Amino acid sequence: MSSLPWIQHLILAPILLPLLAGAVLIPVNAKRHGLKFAIDLGCHLLLLAAALVLFWQTDQELWPGSMGVYLAANWMAPFGIALVADRLSTLMLVLTAVLSLAALIFSHHGWSRIGAHFHSLFLFLLMGINGAFLTHDLFNLFVFFEVMLAASYGLVLHGYNTARIRAGMQYIAINLAASLLFLIGIALIYACTGTLNMADLGPRIAVLAPEDLPLLQIGALILALAFLTKGAMWPLGFWLPTTYAAASPPVAAMLVLMTKVGLYAIIRLWPLAFADGPLAGFGLEALFWGGMATLLFGTLGTLAAQEPGRMAGYAAIISSGTLMAIIGSKQPGLLGAGLYYLLGSTLAIAAFLLLIGLIERIRTPGTALLALTMEAFAIEEKPEEPVGVGIPAALAFLGLAFAGSALVITGLPPLSGFIAKFSLFHALLNGSSTVPLQNGGLILLIFCSGLAGIIALMRFGVRTFWASGNIQPPSLQHSEALPISLLLLLCIAMTIYAGPLFDYLGRVSQDLAQPEHYVEGVLSAPVIAAPAGARP
Amino acid sequence: MEAVISLAIGVLFGSGIWLILRPRTFQIIIGLMLMSYAVNLFIFMMGRLWIDKAPLTLNPGTPSLGEYADPLAQALVLTAIVIGFATTALYLVVMIGARGLTGTDHVDGKEPGA
């Protein structure tokens, strides 16, 4: 009896674990916070372990071609749905696991106790994100996007108040419209190529008749529109700052990751579909200029924003815009630096969004915000106010954490943001004396966005910590300080271990630059032979 | 036949776009539904219009799409209908909540003049 080795089955774990745990949590009574939290935490730790094993497995080339292929239902690659864990997707899995663990621990004290199904929705969101990173089929990608979005609709509305429902209405409407575009794009691509498997797409596009190309181009552009709406490209990203500012802090931290899912889909799909042939590099020019416009929009927005939540939203837009311009500029060597920037900025913006929830307490002592929410939701049971033994030196912690995340977001030395920008500039300048106009413009815009970030964050910091007069130190719980410290420590670790990390990211971008290996690996993945004596 | 179908899809989608640009939540949900109908039809048509074709071919040799009606488009549209239905229902709930909380059915949560 032949069967798959267990390690191959592990590729399914990041999708199945949160699904099962989320389903188990639904019938558990909402009053048993401790049990729900424990199950959720256990699931998160298992997820992190699974992601790390997959990460190790792909990077050590223990699988042929450093990628693991899981053929669902044992169908051969172009026919069935394939799940693929390669270096890029496992890296994103690890990032997801770390970020969601931090958000979950943060929610322990207050946010997970209001509303009924926070933990289940949170796990379903994780299932959608992980699935989108692993799947290798366009329509399956759509399904996982919908799972992710449906869970995020519920989570954005979590702790139901007027601001959240107003932001949620716009967020849901624009995402429903984007999903329709996603479907149109998939349908057009299927009509032209007759396949939905990403690996099968490239070879088929290369031999497409010239009269079919325009239809395919339209399909790919509409599909990209759907991805870029999630990635908040200007002018598709107006929903983002309002939603970030309105969502509860742990949810907002997860939303930062969701903007990166759209960009991930482009990084994954474009090299596979448009590597060579008549459409090589199709649409990347537009992506570059779109990224530049997004950067500019984010820069202006950061300066104009008054609330910290909106500031974080614009910081996420700047981060998306930078990545789009990097992907669009088609330069080898730039993508590794871009991925480093993605990791650092995602962690720092998420830490900042969690921090905002605590900083609000300085301004409105106690948990006025929570209390207000409870009133609107008419919940009898209130979470305990954070009184009693908090962590010592709360103000010092808040100030230091704020400074740390601000340093990474704006790209000042000595933290990882600086290394990211430095390596970006290094790759853009390319060691030559003449710099192309495009690269020069991108460098200038990244500089300006950093400057705008410094001005805005400094203004906010000075107002909050120095100029607000006689402030009371808020009481913080360990479960609130821990995740922020974790995220910022990771940023510091990224700074210290920048060398090995860059080597790794170099291997990731090398994999992406050789789509033919990837295509061959997926299409030649062996099916398991039927056991002898089985009936046909 | 193709012209009639494409006109129908176009009219549905166009009406949907006009409706989602309107300020009332009811208009938006009707617009989204019309658009999702149009998209479902569109996916369905991507398997081409065939009459009297079997969903699979039993002829020997390499099969070509000319011999059978593509069943995959129908599987896709079924999934898309289910997902679209679920998300629309979810949006409806949010809308009712918004109406109750803000007291108006305007998408901004407040009347334009107020």
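**As for the overall build of chain B**
Here's step 1: Helix and strand counts for chain B stand at three helices and zero strands.
Here's step 2: Ordering the α and β elements of chain B from the N terminus gives α-α-α.
Here's step 3: Projected onto its principal axes, the C-alpha positions of chain B cover 70 × 25 × 15 Å.
Here's step 4: The buried share of chain B, reckoned over its 114 residues, is 36%.
Here's step 5: Relative to all contacts within chain B whose residues are 6 or more apart in sequence, the contacts with residues 24 or more apart total 51%.
Here's step 6: Of the roughly 6,800 Å² of accessible surface on chain B, a fraction of 71% belongs to carbon and sulfur atoms.
Here's step 7: Placing the 6 positive and 7 negative side-chain charges of chain B at their respective mean positions leaves the two points 11 Å apart.

**Considerations on the packing of aromatic side chains**
Two aromatic rings are characterised by how far apart their centres lie and by the angle between their planes.
Residue and element names in this part refer to chain A.
Here's step 1: Inspection of every chain in the model, using the stated rule, returns 20 aromatic pairs over all chains.
Here's step 2: The interplanar angle of 45° and the centroid separation of 6.0 Å between the aromatic rings of F352 and F402 together place this pair among those described as tilted. With F352 in helix α14 (residues 334-363) and F402 in helix α16 (residues 394-410), this pair connects stretches of sequence that are 50 residues apart. Each member of the pair F352 and F402 is classed as buried.
Here's step 3: Here the aromatic residues F139, F142, F145, F182 and F227 are joined through ring pairs into a cluster of three or more.

**Quick notes on the environment of A:G333**
All names here are of chain A.
Here's step 1: Mapped onto the elements of the fold, G333 is located in the loop between α13 (308-328) and α14.
Here's step 2: Residue class for G333 comes out exposed when judged on its relative accessible area of 54%.
Here's step 3: Distance from G333 to S509, taken between C-alpha atoms, is 7.5 Å for residues 176 residues apart in sequence.

**Side note on the pairing of strand β2 (residues 82-85) of chain A**
Residues and elements named next belong to chain A.
Here's step 1: The side-chain alternation of β2 yields two buried faces, one formed by A82 and V84 and the other by L83 and A85.
Here's step 2: Examined bridge by bridge, strand β1 (residues 68-71) and β2 share four bridges and lie antiparallel to one another. Pairing of G68 across the sheet is with A85, part of β2.

**Side note on unusual backbone geometry**
Residue and element names in this part refer to chain A.
Here's step 1: Along the chain, W234 connects to P235 via a cis peptide bond; the corresponding omega equals 0°.
Here's step 2: You can see P235 is positioned in the loop between α9 (213-230) and α10 (239-246).
Here's step 3: In this structure, A73 takes a positive phi of about 60° despite not being glycine.
Here's step 4: Assignment of secondary structure puts A73 in the loop between β1 and β2.
Here's step 5: Positive phi outside glycine occurs at N74, with the angle close to 65°.

**Considerations on the domain arrangement of chain A**
Residues and elements named next belong to chain A.
Here's step 1: Under the domain assignment, chain A is made up of domain 1 (1-27 + 35-277 + 499-529) and domain 2 (283-377 + 390-496).
Here's step 2: The C-alpha-based centres of domain 1 and domain 2 are spaced at 23 Å.
Here's step 3: Buried area between domain 1 and domain 2, summed over both chains or domains, comes out near 4,300 Å², and the portion from carbon and sulfur atoms is 85%.
Here's step 4: Considering only the side of domain 1, the residues that lose the most area to domain 2 are F106, K260 and F502, jointly responsible for 14% of the buried surface there.
Here's step 5: Across the domain 1-domain 2 interface, the total number found is zero salt bridges.
Here's step 6: The tally of links between domain 1 and domain 2 comes to three residue pairs in polar contact (both at pLDDT 80 or more).
Here's step 7: At the level of secondary structure, the elements contributing two or more residues to the side of domain 1 that touches domain 2 comprise α4 (87-107), α10, α11 (249-273) and α20 (498-513).
Here's step 8: Sort the elements by how many residues they give to the side of domain 1 that touches domain 2 and α11 lands first, with 12 residues.
Here's step 9: Class assignment of the residues belonging to the side of domain 1 that touches domain 2 gives a composition of 36 nonpolar, 11 polar and two charged.

**Concerning the side chain of A:E480**
Here's step 1: By the element assignment, A:E480 lies in helix α19 (residues 478-496).
Here's step 2: Each residue touching A:E480, except ones within four places of it in the same chain, is listed here: A:F106, A:H109, A:L358 and A:R361.

**So, the interface of chain A and chain B**
Here's step 1: With 26 residues of chain A at the interface, the matching set in chain B holds 28 residues.
Here's step 2: Between chain A and chain B lies a buried interface of about 2,600 Å² when both sides are counted; carbon and sulfur atoms form 82% of it.
Here's step 3: Of all residues in chain A, the largest losses of buried area upon contact with chain B belong to A:M169, A:L180 and A:Y190, amounting jointly to 25% of the total for that side.
Here's step 4: For the interface between chain A and chain B, the tally reads zero salt bridges.
Here's step 5: Along the contact surface separating chain A from chain B lie two residue pairs in polar contact (both at pLDDT 80 or more).
Here's step 6: If one sorts the elements of the side of chain A that touches chain B by residue count, helix α7 (residues 162-193) of chain A sits on top with 16 residues.

**A few points about a nonpolar patch on the surface**
Residues and elements named next belong to chain A.
Here's step 1: A cluster of nonpolar side chains, W75, M76, F79 and V527, forms an exposed patch at the surface whose accessible area comes to about 470 Å².
Here's step 2: Mapping V527 onto the fold places it in the segment after α21 (515-523).
Here's step 3: Accessibility expressed as a relative area gives 35% for V527, which makes it partly exposed.

**Overview of the packing of α16(A) against α19(A)**
Residues and elements named next belong to chain A.
Here's step 1: As a packed pair, α16 and α19 sit with axes 10 Å apart at the nearest point and diverge in direction by 35°. Every pair of crossing elements has a handedness; the one defined by α16 and α19 is left-handed. Touching F397, A401, G404, S405 and V408 of α16 are A481, I484, S485, L488 and C491, all from α19.
Here's step 2: Its residues assigned to classes, the contact of α16 with α19 comprises seven nonpolar, three polar and no charged.

Thresholds applied
Residues numbered from 1 in each chain as written. Chains lettered and ligands numbered in written order. Predicted model: local features only at pLDDT ≥ 70, side-chain atom pairs only at ≥ 80, totals over all residues. Heavy atoms only, no water. Helix = DSSP H or I, 4+ residues; strand = E, 2+ residues; numbered from the N terminus. Buried < 20%, exposed > 50% of the residue type's maximum accessible area, 1.4 Å probe, protein only. Contact = heavy atoms within 4.5 Å. Areas by Shrake-Rupley, 256 points an atom, 1.4 Å probe, with all protein chains shown as cover. Lys, Arg positive; Asp, Glu negative; His and termini not counted. Charge placed at Lys NZ, Arg CZ, Asp CG, Glu CD. Phe/Tyr/Trp six-rings, centres within 6.5 Å; stacked < 30°, edge-to-face > 60°. Pairing = 2+ DSSP bridges. Domains from an automatic or database assignment. Buried area = accessible area lost by both parts, 1.4 Å probe. Salt bridge = Lys/Arg side-chain N within 4 Å of Asp/Glu carboxyl O. Polar contact = N/O pair within 3.5 Å; in protein donor to acceptor, adjacent residues only side chain to side chain. Nonpolar A, V, L, I, M, F, W, Y, C, P; charged D, E, K, R; others polar. Patch = residues over 30% accessible without salt bridge, like charges linked within 9 Å, V, L, I, M, F, W, Y side chains within 5 Å. Axes fitted to C-alpha atoms, helices over the stretch in contact; angles between N-to-C directions. Left-handed = near helix turned anticlockwise from the far one by under 90°.

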